[in-house]
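Structural characterization, general
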Amino acid sequence: MAQILDTQLMHPRDQIVLIISRIYKRGLTTTSGGNISVIDDDGNIWITPSAIDKGSLRPSDIMCITREGKIIGRHKPSSEYPFHRAIYAARPDLKAIVHAHPPALVAFSIVHQIPDTNVIPQAKHICGPVGFVPYALPGSEELGEKIANIIGQGYNSVILENHGTVVGGKDLSDAFERFETLEFCARTIIKGKTIGEPRYLSDHQIEEFEAQIPRLQPELENSEYPSDEREKREQIVKIVQRACEQGLMISSYGTVSTRWRGNDFLITPTDKLRWDIQRNDIVQIRDGKREPGKLPSRSVWLHQEIYRRNPHINSIILTQSPNLMAFGVTGKK
Ligand SMILES: [Zn+2]
């Protein structure tokens, strides 16, 4: 069973190892490149080590730099530690930082451009405005100052000229979601350009998306969990996990449902990072009512209608797979 990120109670070094393994498996950084840090409640910075293979990191490899500047651990901290420290000093609201060299964002960095996150509805809100940091030697104090200066202006994501990206978050889950979504935008724009000209949503269309208030089904009075219902939960969790690992779904987007009995079905929840969906997050929809206390995906009405009108359809997947999105954003057929 895949590991679930718990930013509240998981030790920072376990969080870092889990996220670096997702980034590495998804091909979003090189073997030695990229670094992640988390600052804890005592002001200690936990960070990936320098020059150690990112494909086989263990929690005991993670370094700690205490508030007083003492270095604890068996390796050297990441050579890019200076910019992590400078960012935390400039932005006390940021508690985790992801730096990597993902292919599509590096492509933007070498042509000195920032990806337009208006390419899909949810990305602008997740990524926020994206800054651009002029080149400085990787690992230098100068680079640290330049990055902290731009992030200090309120940007949560920046492109580093001819280098890569740095993304901050209120915790590691937030930073990873932003990182993955920004790379997704960059990749979609590049792929779109290979078959046509990407078209962007207007700010008004994005505001409309953010402002929509989901219409909720009434709650069921009681829920039952027969074995065939539990089996379907397990199937949904597994398919979402596989889709994330294959890059066919990202933290911020993707819905899966499966028909259960008659027109009743099970569906993934809203506002939950797709990588971390568990059995008890899945929402049961029975007689047009939802499982008490749970919020199904915003697309639940669409799923309900599809099942009602199409008795032969037993499962639905909504996602933004990278190659099909090239068609989605250009309107090419
Ligand atoms: Zn780097």
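A closer look at the overall build of the protein chain
Regarding its fold elements, the protein chain presents 10 helices and 13 strands. The globule rule puts the C-alpha radius of gyration for 333 residues at 20 Å, and the 21 Å found for the protein chain is close to it. Across its three principal directions, the C-alpha atoms of the protein chain cover 60 × 45 × 30 Å. Split into buried and exposed, the 333 residues of the protein chain put 52% on the buried side. A fraction of 66% describes how many contacts in the protein chain between residues 6 or more apart in sequence connect residues 24 or more apart.

Overview of the packing of aromatic side chains
The final tally for this structure, using the stated rule, is 2 aromatic pairs. For the pair phenylalanine 176 and tryptophan 275, a centre-to-centre distance of 6.0 Å together with 70° between the ring planes defines the contact as edge-to-face. Of this pair, phenylalanine 176 sits in helix α6 (residues 172-195) while tryptophan 275 sits in the loop between β10 (265-267) and β11 (283-286), and the two are 99 residues apart along the sequence. Exposure class is identical for phenylalanine 176 and tryptophan 275. Each is buried. Residue placement shows arginine 215 over the ring face of tryptophan 301; its charged tip is 3.9 Å from the ring centre.

Comments concerning the domain arrangement of the protein chain
You can read the domains of the protein chain as domain 1 (12-195) and domain 2 (227-330). Distance from the C-alpha centre of domain 1 to the C-alpha centre of domain 2: 30 Å. If you look at the interface, domain 1 gives 17 residues, while domain 2 gives 20 residues. Summed over both partners, the interface of domain 1 with domain 2 buries about 1700 Å², with 62% contributed by carbon and sulfur atoms. Among the residues domain 1 hides against domain 2, the three largest losses belong to Arg22, Arg26 and Phe184. Together they make up 28% of the total. Here domain 1 is connected to domain 2 by 1 salt bridge. Two residues, arginine 22 and aspartate 276, come together in a salt bridge whose shortest N-O distance is 2.7 Å.

Details of the sheet that holds strand β12 (residues 289-290)
Read from one edge of the open sheet, 5 strands run β12-β11-β10-β9-β13, paired in antiparallel fashion. Two strands in the sheet have a free side with no partner beyond their single neighbour: β12 and β13 (315-318). The pairing of β11 with β12 spans 2 bridges and is antiparallel. Paired with arginine 286 across the bridge in β12 is lysine 289. Helix α8 (residues 227-245) rests against β9 (255-259), β10 and β11 of the sheet, and its axis sits at about 150° to β9.

Focus on the nonpolar core
Residues Ile23, Ile36, Leu172 and Phe179 are the most contacted members of the largest nonpolar core, which totals 34 residues. Among the elements that make up this core, the one with the highest residue count is helix α1 (residues 12-25) (6 residues). Filtering out sequence-adjacent residues up to four positions away, phenylalanine 179 remains in contact with Ile23, Leu28, Val98, Ala100, Pro102, Thr165 and Val167. Residues Ile45, Ile47, Phe83 and Leu143 belong to the second largest nonpolar core, which totals 20 residues.

Describing the environment of histidine 75
When you line up the elements, histidine 75 lands in the loop between β4 (71-72) and α2 (81-90). In the structure, histidine 75 is positioned 15 residues away from serine 60 in sequence and 9.8 Å away in space, judged by C-alpha atoms. In this view, histidine 75 contacts Pro49, Ile52, Asp61 and Met63; residues no more than four positions away in its chain are not counted. At 2.8 Å, the side chain of histidine 75 forms a polar contact with the side chain of aspartate 61.

Calculation criteria
Residues numbered from 1 in each chain as written. Predicted model: local features only at pLDDT ≥ 70, side-chain atom pairs only at ≥ 80, totals over all residues. Heavy atoms only, no water. Helix = DSSP H or I, 4+ residues; strand = E, 2+ residues; numbered from the N terminus. Rg over C-alpha atoms; globule rule 2.2 N^0.38 Å. Buried < 20%, exposed > 50% of the residue type's maximum accessible area, 1.4 Å probe, protein only. Contact = heavy atoms within 4.5 Å. Phe/Tyr/Trp six-rings, centres within 6.5 Å; stacked < 30°, edge-to-face > 60°. Lys NZ or Arg CZ within 6 Å of the ring centre and 35° of its normal. Domains from an automatic or database assignment. Buried area = accessible area lost by both parts, 1.4 Å probe. Salt bridge = Lys/Arg side-chain N within 4 Å of Asp/Glu carboxyl O. Pairing = 2+ DSSP bridges. Axes fitted to C-alpha atoms, helices over the stretch in contact; angles between N-to-C directions. Core = buried A, V, L, I, M, F, W, Y, C linked by side-chain atoms within 4.5 Å. Polar contact = N/O pair within 3.5 Å; in protein donor to acceptor, adjacent residues only side chain to side chain.

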